[in-house]
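Residue-level structural notes
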Amino acid sequence: PFRVALKQWYQRRVRGFMTRKERMETLGHPATRFTNIYVKNFGEANLSDEEFQGLFEPFGKIVSCVIMKDDTGKSRGFGFVSYETHEAAKAAVENLNGNEIQTCKLYVARAQKKNERQAELREKYEKLKMERLNRYQQGVNLYVKNLDDIIDDGRLHEEFSVYGHITSAKVMTDDKGNTKGFGFVCFSSPDEATKAVTEMNGRIIVSKPLFVALAQRKEERRQHLAAQHAVRTQGMPRG
């Protein structure tokens, strides 16, 4: 510890030396030295252009301020504000993000460039993809079909909740909101999911016997169906 402290003291004595944090704060970085901010979630507040700008004027000199609108001139609920300095933009984000304006909770953040937004969306997509893959691999996601028309997400959750902690329960519906007759239930552990399959498969709920099984990925399901087809055709008489 003493050597580390001594080294740090010496480094600060050397002319021009800065830690990474000090360099970031002093020299700036695209992610920190921003002047443009993105604002959303104020559609229901019906703010005029003047009222919108008035929210941001106390924090510094504004270069431009715009509410994005549709073809009829109606606010689309988001906009952009550009400040002359980074300090003003930072102050606006710190003071206004999360504030309520006429029951609307503002989202105020650094405006991202297109490639940054795309990278962030890709990262979120990959994260969701891995979470789904892990659920399949761990055997906690169940496929439930032959559901009665009156069964919704809440009823599906209720029927399976006695077997363990459910992280999600979803009845699949069409564009009109009508049930497709099947859904998915995800448990927090494989043991809970296995117990639910054992107890619920074949059980009559409302008026129909349920089919309950571990959910399979599309490729696994295709391979399984192909194997079943091969077994059936092997026993068929050849002409």
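What comes next concerns the included structure. Owing to the predicted nature of the structure, the values given are computational and were not obtained by experimental measurement.

Tallying secondary structure elements over the chain gives 8 helices and 12 strands in all. For the chain, with 239 residues in total, the buried portion stands at 23%. The long-range share in the chain, meaning contacts at least 24 apart out of those at least 6 apart in sequence, stands at 58%. Just so you have it, the chain exposes about 17,100 Å², and 50% of that area is on carbon and sulfur atoms.

This part is about the sheet that holds strand β7 (residues 141-145). In a beta sheet, neighbouring strands are held together by backbone hydrogen bonds and run either parallel or antiparallel to one another. Within the open sheet, the 4 strands sit side by side as β8-β9-β7-β12. Their pairing is antiparallel. The outermost strands of the open sheet, each flanked by one partner alone, are β8 (166-173) and β12 (211-214). Between one strand axis and the next, the sheet turns through 20 degrees on average, direction left out of account. Bridging between β7 and strand β9 (residues 179-187) involves 5 bridges; their strand directions are antiparallel. What sits directly across from Asn 141, in β9, is Cys 186. Along the sheet face, helix α6 (residues 153-160) touches β7, β8, β9 and β12 and points at about 135 degrees away from the line of β8. Running over the sheet, helix α7 (residues 190-200) touches β7, β9 and β12 and is turned about 155 degrees from β12.

Counted by the stated rule, this structure contains 10 aromatic pairs. For the ring pair Phe 52 and Phe 56, a centre distance of 5.2 Å and an interplane angle of 65 degrees mean the geometry is edge-to-face. Placement of the pair is Phe 52 and Phe 56 together in helix α3 (residues 49-56), with a separation of 4 residues, close to one helical turn. Residue Phe 56 is classed as buried on the basis of its relative accessible area of 0%. Here Tyr 143 and Phe 211 contribute two aromatic rings whose centre-to-centre distance is 6.3 Å and whose plane-to-plane angle is 70 degrees, an arrangement assigned as edge-to-face. One end of the pair, Tyr 143, is in strand β7; the other, Phe 211, is in strand β12, with 68 residues separating them in the sequence. For Phe 211, a relative accessible area of 35% gives the class partly exposed. Three or more aromatic residues link up through ring pairs in this structure, and these residues are Tyr 38, Phe 78, Phe 80 and Tyr 107. Positioned above the aromatic ring of Tyr 107 is the side chain of Lys 40, whose terminal nitrogen or guanidinium carbon lies 4.9 Å from the ring centre. Lying over the aromatic face of Phe 211, Lys 145 brings its terminal NZ or CZ to 5.0 Å of the ring centre.

Under the definition given, this model contains 4 salt bridges. In this structure, the salt-bridge partner of Glu 84 is Lys 61, at a minimum N-O distance of 3.6 Å. One end of the pair, Glu 84, is in the loop between β3 (75-83) and α4 (86-96); the other, Lys 61, is in the loop between α3 and β2 (62-69), and 23 residues separate them in sequence.

Each value, and the rule that gives it
- Residues numbered from 1 in each chain as written.
- Predicted model: local features only at pLDDT ≥ 70, side-chain atom pairs only at ≥ 80, totals over all residues.
- Heavy atoms only, no water.
- Helix = DSSP H or I, 4+ residues; strand = E, 2+ residues; numbered from the N terminus.
- Buried < 20%, exposed > 50% of the residue type's maximum accessible area, 1.4 Å probe, protein only.
- Contact = heavy atoms within 4.5 Å.
- Areas by Shrake-Rupley, 256 points an atom, 1.4 Å probe, with all protein chains shown as cover.
- Pairing = 2+ DSSP bridges.
- Axes fitted to C-alpha atoms, helices over the stretch in contact; angles between N-to-C directions.
- Phe/Tyr/Trp six-rings, centres within 6.5 Å; stacked < 30°, edge-to-face > 60°.
- Lys NZ or Arg CZ within 6 Å of the ring centre and 35° of its normal.
- Salt bridge = Lys/Arg side-chain N within 4 Å of Asp/Glu carboxyl O.

Distances and angles like these do not, on their own, reveal function.
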